[in-house]
Structures are given as C-alpha cells and as structure tokens.
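Each chain, letter by letter, is given below.
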Amino acid sequence: MKYKEIISEIKSIRDYKDKEVSRELFDELKQYYDQAQRLVDNIEIEVIRKNHTVYEQLKDSAGYNNKMIKAPHYLIFLSEEKDYYIENVGYVAQDIILKAWSLGIGSCWITFEDGEAIKKKLQIDSDKKLAAIIAMGYEVDHKNKVLYENVSDYNPSKADVKVIEDNTSERLGIRDIVFMKKWGEKADPDELVNFGLLEGFTYGRLAPSARNRQPWRFIVDDGTVVLTLKKDSYVSQYEEKIDSAVIMLYFKAIIESTLYNIKWNFTKPKKDYQVPDDYKIVAYCIV
Ligand SMILES: Cc1cc2nc3c(=O)[nH]c(=O)nc-3n(C[C@H](O)[C@H](O)[C@H](O)COP(=O)(O)O)c2cc1C
C-alpha cells in the first residue's frame, strides 16, 4: 500500500452520500484485512459489516457526546479479550481505514463507552469484546468540511464540531512532538534525517486521534524510540489505547517502507526518561 500518499490525503469523513459501497470493494477490503499485519499475535478478531440501520440503533449511545455519525455502512470490530486487544484492533482497523481510502471510500472512527450495551443494541450475541466502530461510505462533496477544532484551541467542555474552510485538521510540528535523549529536549529534524527517522515522525504526526488532541510525544535515544501519551481527564482509556495504536501503525508502516522492520514493545524501556506525571510511556521500539 502507498502509505505516504494515503496518509498525506486522508481525513475523517462525517457526511456521507446515500450510496452503497459495492460488494467487490468490500471483498477487496476483506482480502487486505486477511493478510494485514497485527500488532499482537494470536488475538482473534471478528469484523461485522452493518448497514445504515446502525445509526438509529446507536443514535444516543456512541460518538463524541453521543453524537452518532450517519453512514451507509459500519464496520464493527469484536475481539477476544487478551492483553492489548484494544490496541491490536486499533492498529488493524486503522490499516483498513487507509486501505479503504485508497479505494475511494471514506470513514470515521466512532468512540463509545459501554461496549456491552452497544452489542445488545446491535443484537450482537458474542463473548468477544466490542473494540471498534467505524463509519464508512462515500464523502458528500462539500465545499466546507465539518472538522474538529485545532487541538490548541480545543476546549473539552465545548466538544462540538465547527465548520472551517480548510479541509484538513491541523497538526503539531515535529519539534513539538519529538524529543532527543531526554524529555523536553526538542529534536533537530536534520539529526532525525541522519537516523532515518524523520519521515516516520513527519507522517506519524498526521495520524488521527480522539478529538484531534495529538497526545503523542516521542523520545529518540540512540537506537531507541520511546512512545509516550498525554493523559487527559476528558479522554477515555479506550480512546488512549486507539490513539496509541494508530500512531504505532503510521510510524511502523513508514519506517518499514523506507528502512527496515521494527517491532513495538509494550514493556517499559530500562532507562528512566523522567517523563512528567501528565504523560505515560506506552511502548518503545528499537530502530
Ligand atoms: C479513538 C478515536 C475516536 C474518535 N471518535 C470520533 C467520534 O466519535 N466522532 C467523530 O466525529 N470523530 C471521531 N474521531 C475522529 C477524530 O476527531 C479525527 O481523527 C481528528 O479530529 C483528526 O481529524 P482528521 O482525521 O480529519 O485528520 C475519532 C478518532 C479516534 C482516533
């Protein structure tokens, strides 16, 4: 998949045409999904494709402030409950979202709180846990897009949409999210080029995140890249886990398209990086 191209273009779609995606395209997505990489091995995932009726069923129980997104299709991801199963689904689901975009299909993550209640509303009888809801379909050709505010303006008490002229949400710069050796020491992009890591971060920072808060900060320490995540009281653990998984996919996909294979480890690195209390270490990889 042409990750760089897709990552540069993709955005969340919240307004959909009343037009169905063909069975052939869904078959292509399914084929991709069957051979796609997982973040964690040996966790069984089940993906259920549902139609527009989900909107009525989940109208007041999913989405930001329970504001459900209306779409012709939804992908519902269920998973066996094992360590890091939410991150694993987040990783796989984001890969499907990117593949769908390459086929001309738009999508959007839909957050939720009570997975068991949602399964009931959707009449899903399964021991597996609800791990993701993704809206899918064709984008309405709007001039103005409905987007979430820039993270720096973001006010959690006012978590609603606003219409802006541009069609891409804003992102933080490399120097804002990557530190060198220790917390707070802003990375020099030239140095990141020398390590072969600049593109990983350049594209990684374009990843979607719950409420576009872009909670990721990295510490690059010789051959180690440590991923940390900001803790915010208005963000659920579920959203934190998906936000982590999505950036792991972006970073890994880009590094692997230019350099070599990497593997994210969920254990903490040995060195103490003195990460402040409002951040936590999520994972690290050796590059
Ligand atoms: C875990 C997660 C949950 C999200 N939940 C919702 C949601 O419920 N409703 C919504 O409109 N957008 C949702 N989004 C989309 C984000 O708001 C969006 O990715 C972010 O604002 C950046 O915009 P972009 O994807 O267009 O670049 C979610 C994204 C993530 C990663």
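None of the values given here were measured: they were computed from a predicted structure. (Residues numbered from 1 in each chain as written. Predicted model: local features only at pLDDT ≥ 70, side-chain atom pairs only at ≥ 80, totals over all residues.)

1. Digging into the site of the ligand
Then comes step 1: Near the ligand, the surroundings consist of 21 residues, among which Lys11, Ser12, Trp109, Pro208 and Asn212 are the closest.
Then comes step 2: Elements supplying a minimum of two residues to the shell around the ligand: β3 (106-110) and α9 (237-258).
Then comes step 3: Of all the elements, α9 adds the most residues to the shell around the ligand, at four residues.
Then comes step 4: Along the lines of polarity and charge, the residues of the shell around the ligand split into ten nonpolar, six polar and five charged.
Then comes step 5: If you count residues domain by domain, the shell around the ligand takes at least three from each of domain 1 (3-137) and domain 2 (174-286). (Near = placed C-beta within 6 Å. Helix = DSSP H or I, 4+ residues; strand = E, 2+ residues; numbered from the N terminus. Nonpolar A, V, L, I, M, F, W, Y, C, P; charged D, E, K, R; others polar. Domains from an automatic or database assignment.)

2. Quick look at the confidence of the model for the protein chain
Low-pLDDT portions of the prediction should not be read for the details of their coordinates.
Then comes step 1: Here the protein chain averages 91 in pLDDT, while 91% of its residues score no lower than 70.
Then comes step 2: Every residue in residues 149-166 scores below 50 in pLDDT, and together they form 20 contacts with partners more than four places removed in sequence or on other chains. (pLDDT = per-residue confidence, 0-100. Contact = placed C-beta atoms within 7 Å.)

3. Overview of the sheet that holds strand β9 (residues 224-230)
Then comes step 1: Taken in spatial order, the four strands line up as β7-β8-β9-β10 in an open sheet, and their pairing is mixed. Of all the strands in the sheet, just β7 (178-180) and β10 (279-286) have a single pairing partner and so form its edges. On average, each strand axis in the sheet is tilted by 25° relative to the strand beside it, whichever way the strands run. (Pairing = 2+ DSSP bridges. Axes fitted to C-alpha atoms, helices over the stretch in contact; angles between N-to-C directions.)

4. Observations concerning the pairing of β9
Side-chain direction in a regular strand flips from residue to residue, so the side chains alternate between the two faces of the sheet.
Then comes step 1: The buried count for β9 comes to five of seven residues, which makes it a mostly enclosed element.
Then comes step 2: Following strand β8 (residues 216-221), the chain reverses through two residues before pairing antiparallel with β9; Asp222 in that reversal takes a positive phi of roughly 50°.
Then comes step 3: Where β9 lies against β10, seven bridges are found, and the strand directions are antiparallel. Residue pairing in the sheet places Val226 in a bridge with Tyr284 of β10. (Buried ≥ 20, exposed ≤ 12 C-beta atoms within 10 Å, placed from the backbone.)

5. Describing the sheet that holds strand β2 (residues 73-79)
Then comes step 1: With respect to topology, four strands assemble into an open sheet ordered β1-β2-β4-β3, the strand pairing being antiparallel. Sheet topology places β1 (45-51) and β3 at the edges, where each strand pairs with a single neighbour. Going across the sheet, the axis of each strand differs from the next one's by a mean of 25°, ignoring polarity.
Then comes step 2: Bridge analysis of β2 against strand β4 (residues 129-137) gives seven bridges, and the strand direction is antiparallel. Residue pairing in the sheet places Ser79 in a bridge with Lys129 of β4.

6. With respect to the domain arrangement of the protein chain
Then comes step 1: For the protein chain, the assigned domains are domain 1 (3-137) and domain 2 (174-286).
Then comes step 2: Using only C-alpha atoms to locate each centre, domain 1 and domain 2 end up separated by 24 Å.
Then comes step 3: Each partner contributes to the interface: domain 1 provides 15 residues, whereas domain 2 provides 20 residues.
Then comes step 4: Breaking the side of domain 1 that touches domain 2 down by element, the ones donating at least two residues are α1 (3-9) and α4 (85-102).
Then comes step 5: For the side of domain 1 that touches domain 2, the leading source of residues is α4, giving six residues.
Then comes step 6: Here the residues of the side of domain 1 that touches domain 2 sort into seven nonpolar, four polar and four charged.

7. Description of the packing of helix α2 (residues 23-35) against α4
Then comes step 1: Where α2 meets α4, the axes come as close as 10 Å, and the angle between the chain directions of the two elements is 145°. In this structure, α2 meets α4 at a crossing whose hand is right-handed. Seen from α2, the contacting residues are Leu29, Tyr32 and Tyr33; seen from α4, they are Ile96, Lys99 and Ala100.
Then comes step 2: Among the residues forming the contact of α2 with α4, the class breakdown is five nonpolar, no polar and one charged. (Left-handed = near helix turned anticlockwise from the far one by under 90°.)

8. Notes on the pairing of β4
Then comes step 1: Most of β4 is tucked away, with eight of its nine residues classed as buried.
Then comes step 2: Where β3 and β4 come together, five bridges link them in antiparallel fashion. Residue Ser107 lies in a different strand from β4, and its bridge partner there is Met136.

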